[in-house]
Amino acid sequence: MSMPLQRGISGVRVSDSSDDLSDSQMKDKTERPRSSDNHLTLRFPFGFLFTNQSSSKHGGGGENGFSADPYSARSRHRLMLMFLKISLVLIVVIALAGSFWWTISISTSSRGHVYHNYRRLQEQLVSDLWDIGEISLGPNRWKELEYCNIESENFVPCFNVSENLALGYSNGDENDRFCGPGSKQECLVLPPVKYRVPLRWPTGKDIIWYSNVKITAQEVVSSGSITKRMMMMEDDQISFRSASPMSDEVEDYSHQIAEMIGIKKDNFIEAGVRTILDIGCGYGSFGAHLLSKQILTMCIANYEASGSQVQLTLERGLPAMIGSFISKQLPYPSLSFDMLHCLRCGIDWDQKDGLLLVEIDRVLKPGGYFVWTSPLTNPRNKDHLKRWNFVHDFAESICWTLLNQQDETVVWKKTINTKCYSSRKPGVGPSVCTKGHDVESPYYRPLQMCIGGTRSRRWIPIEGRTRWPSRSNMNKTELSLYGLHPEVLGEDAENWKITVREYWSLLSPLIFSDHPKRPGDEDPSPPYNMLRNVLDMNAQFGGLNSALLEARKSVWVMNVVPTAGPNHLPMILDRGFVGVLHDWCEPFPTYPRTYDLVHADNLLSLQTSQRRKSCRLIDIFTEIDRLLRPEGWVIIRDTVQLVESARALVTQLKWEARVIEVESSSEQRLLICQKPFTKRQSI
């Protein structure tokens, strides 16, 4: 949970573990004489046993002038030994009794205190082990990472089509995601020679710099679909003019879909639609058009080495990620999106016996819409007719209703009644997934030929859900589906409102300036449109996203839920946001230079608790550097020890960094970093 920040504390406060060690050593030294004194006091009561010995030693004889009886001396000696033995037994008994009493008292009244200290000892142990590991690196700890070669400018780990083909993958499987041991980079990706900082939103939605993306002039000219044909080359920039005739085509297309659904004026919110998964989105123009209608569209497409739909869409400041479901399930929970859209997306829905349509059905909410625009829907030959008939019949077998068909566009509606599946004729359509196979949030699992999500408590028709924007603030009944109370989400929301205000005041180059301010002066706040693409690496309930929208910042947030922590992604998506499940020990499925701000709240604590040897913090930070645009920002909130370790690591990345204190009672710190704009020297 976020906490308010305290400005004005600079630098890094590194805790010196050697001080703690010396203190403990001094404590031991001071305590040892005390134990010796206690030993002397135990001997003192038996001093009378030595009285005669000492007197005889000094006086030389007994009462009659003769030497002491040797047998009497022996008896005194035996008596002394007996008393010593009895004393030792008593000490042991008292010690055992005290220990037993202490144990009982701890178990009954102080268990929470001991557990708390135990947790702190565990955390300190992790920190100490981390420090030992860092020290063992020697001089390499502080060595700056080298820059990658020019071939890595647009490289995306885990998506190596040529390597996958060499391994025998085919029929589209070569485009899928395969993360092996060699997927991680140990170098820093430099931008292209002519890279320029993107234009601010909303200008950047319509104009991007040609050198910032990898695309050829021929690819621009040969763009085929409606959304791609909006793209025009103008000197050193690519234009997506909203006032062009092509924009009118997109608007007409959007009107057509609305009418086919049965609504007017593109009011998709009225039909219960807030989030759309746009498969093969072109360059995002459909989603860009719907932004004014408060519709959030997530673009997914295969990895493309050049002319990437995802890269250009992200460069425009629109939500997108690489996503291929040829052989694996998408990293989204079941029942995630209100609508799925495919405008000549290149997916052959009739292939693999309809397996791809089953995956579409899994992520589509009850009552949601599947919009497909393709020449196959208006067949002109026998082959097209055969393929269309298969898709038509298969859609009916999974309880989709064909709402309308106009020209090349077809709209289906998913059933809202789970009884439809049991009322089908035997052998018609795929069966309902068993409990063991119906995983709510799969992470790149193989595609399943069964209908998922039917057992979920989230099986709620889109028309029955709260309309946007009220959807983001869930009521008590809605929160009960996720085991949460309104007070929990309310407190989280209030804290994030305060935190966002503090964050925004910190996102200024002035925090790296050592020049004193004039008395009474305040740092100028950055403009509302300073940021556009935001990546929240540990989104939790989606509180950062909600607070940014409420503060009217011109951003969209990719809410990432780590596989290592609790899974709140279903709730995030049901709130009307976009997000994805991800393992941060692996590269993120996107292109370099994607995000303006990367935020990590307690992510380092989460990752280090996993203790995976193959997952180093330096690898996570190198991946952040790949995702971050030049002059982009990083905000890390975590424990003091981990923030200090992170501060040391970012020196290897050449970032500017500053540590900010959170409230004085807090054990956390804030690390604010900015990535420099380093250009590759032209050859």
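Every value quoted in this text rests on a predicted model; they were computed, and no experiment measured them. Here the residue index of a chain counts from 1 through its sequence in written order. Per-residue local features of the predicted model are confined to residues with pLDDT of at least 70, and side-chain atom pairs are confined, for both listing and counting, to 80 or more; whole-chain, interface and lining totals are unaffected and use all residues. Excluded from the side-chain calculations are hydrogens and water; all other atoms, namely the structure's heavy atoms, are used.

## A few points about the pattern of salt bridges
So, step 1. We count a salt bridge whenever a side-chain nitrogen from Lys or Arg sits within 4 Å of a carboxyl oxygen from Asp or Glu. Scanning the model with the defined rule gives 27 salt bridges in all.
So, step 2. The partner of arginine 458 in a salt bridge is aspartate 574, and the shortest N-O contact between them spans 2.8 Å. Of this pair, arginine 458 sits in the loop between helix 14 (419-422) and helix 15 (476-480) while aspartate 574 sits in helix 18 (residues 569-574); the two residues are 116 residues apart in sequence, bridging distant segments of the chain. Accessibility assignment for this pair places arginine 458 and aspartate 574 in one class, buried.
So, step 3. The salt bridge partner of lysine 675 is aspartate 625, with a shortest N-O separation of 3.9 Å. Placement of the pair is lysine 675 in the segment after strand 17 (668-674) and aspartate 625 in helix 20 (residues 617-627), with a sequence separation of 50 residues.
So, step 4. A simple rule labels every residue: compare its accessible area, found with a 1.4 Å probe on the protein chains alone, to the largest value its type can have, and call it buried under 20%, exposed over 50%, or partly exposed in between. Assessed through its relative accessible area of 3%, aspartate 625 is described here as buried.
So, step 5. Among the charged side chains, a network of salt bridges with common partners joins Asp338, Lys365, Glu440, Arg458, Arg465, Arg471 and Asp574. Segments assigned H or I by DSSP are reported as helices when at least four residues long, segments assigned E as strands when at least two residues long, and all are numbered from the N terminus.

## Notes on the sheet that holds strand 11 (residues 533-536)
So, step 1. On the basis of which strands lie adjacent, the open sheet formed by seven strands has the order 13-12-11-14-15-17-16 and mixed pairing. Since the sheet does not close on itself, it has two edges, and those belong to strand 13 (578-582) and strand 16 (656-661), each with one partner. Neighbour-to-neighbour, the strand axes of the sheet open up by a mean angle of 20°, direction not taken into account.
So, step 2. Between any two strands, pairing holds if DSSP finds at least two bridges. Here strand 11 runs beside strand 12 (residues 556-562); their pairing, made up of four bridges, is parallel. Looking at strand 12, one finds that leucine 535 is bridged to methionine 558.
So, step 3. Only heavy atoms matter for contacts: two residues are in contact if any of them lie within 4.5 Å across the pair. Only the stretch in contact is used when fitting a helix axis, every axis being a line fitted to C-alpha atoms; angles between N-to-C directions are given from 0 to 180 degrees. Of the strands in this sheet, strand 14 (595-601), strand 15 (628-639) and strand 17 are in contact with helix 16 (residues 486-506), which crosses strand 15 at around 135°.

## Observations regarding helix 16
Since the α-helix turns once every 3.6 residues, residues separated by three or four places project in the same direction.
So, step 1. Given a rise of 1.5 Å per residue, 21 residues ought to cover 30 Å, and the 30 Å separating the end C-alpha atoms of helix 16 matches this to within 8%.
So, step 2. Taken residue by residue, helix 16 has Leu489, Asp492, Asn495, Trp496, Thr499, Val500, Glu502, Tyr503, Trp504, Ser505 and Leu506 as its buried positions.
So, step 3. Looking at the buried residues of helix 16, the elements they touch are helix 15, helix 17 (543-550), helix 18, strand 14, strand 15 and strand 17. Working rule for helices: expected span equals 1.5 Å times residues minus one.

## Quick word on the sheet that holds strand 1 (residues 207-209)
So, step 1. With respect to topology, three strands assemble into an open sheet ordered 1-3-2, the strand pairing being antiparallel. Bordering the open sheet on either side are strand 1 and strand 2 (232-234), each of which pairs with just one other strand. Across the sheet, the mean angle separating the axes of adjacent strands is 30° when strand polarity is ignored.
So, step 2. Note: strand 2 against strand 3 (residues 237-239), three bridges, orientation antiparallel. Each residue of the ladder has a partner; that of methionine 233, found in strand 3, is isoleucine 238.

## Quick look at the state of the cysteines
Disulfides are covalent bonds that link the sulfur atoms of two cysteine residues.
So, step 1. Note on disulfides: each one is a pair of cysteine sulfur atoms within 2.5 Å. Enumeration over the complete set of coordinates arrives at seven disulfides.
So, step 2. The disulfide bridge from cysteine 433 ends at cysteine 450, spanning 2.0 Å between sulfur atoms. Judged by the sign of its S-S torsion, about 90°, the bond between cysteine 433 and cysteine 450 is right-handed. One end of the pair, cysteine 433, is in the loop between helix 14 and helix 15; the other, cysteine 450, is in the loop between helix 14 and helix 15, and 17 residues separate them in sequence.
So, step 3. Cysteine 433 gets classed as buried once you look at its relative accessible area, which sits at 3%.
So, step 4. Residue cysteine 585 pairs covalently with cysteine 615 via a disulfide, S to S 2.1 Å. Of note, the bridge from cysteine 585 to cysteine 615 carries an S-S torsion of about -95° and is left-handed in sense. Taken together, the positions of cysteine 585 in the loop between strand 13 and strand 14 and cysteine 615 in the loop between helix 19 (603-608) and helix 20 put the pair 30 residues apart, joining distant regions of the chain.

## Some points on the packing of helix 16 against helix 17
Axes are the key here: two packed helices are described by the angle between their axes and the distance separating the axes.
So, step 1. One way to put it is that helix 16 packs onto helix 17 with a least axis distance of 8 Å and a crossing angle of 65°. Between helix 16 and helix 17 lies a crossing whose hand is right-handed. Across the interface between the two elements, Asp492, Trp496, Lys497, Val500, Tyr503 and Trp504 from helix 16 touch Gly543, Leu544, Ala547, Leu548 and Glu550 from helix 17.
So, step 2. Among the residues making up the contact of helix 16 with helix 17, the classes are represented as seven nonpolar, one polar and three charged. Left-handed describes a crossing whose near helix is turned anticlockwise from the far helix by less than a right angle; the clockwise case is right-handed. Just so you know the grouping, Ala, Val, Leu, Ile, Met, Phe, Trp, Tyr, Cys and Pro go in nonpolar, Asp, Glu, Lys and Arg go in charged, and all remaining residues, Gly too, go in polar.

## Some thoughts on unusual backbone geometry
So, step 1. For the peptide bond that leads from tryptophan 201 to proline 202, omega is 5°, which places it in the cis range.
So, step 2. By the element assignment, proline 202 lies in the loop between helix 5 (161-166) and helix 6 (203-206).
So, step 3. For the bond from tryptophan 468 to proline 469, the omega torsion is 10°, close enough to zero to count as cis.
So, step 4. If you check the backbone angles, glutamate 631 has positive phi at about 70° while not being a glycine.
So, step 5. You can call glutamate 631 partly exposed: its relative accessible area is 41%.

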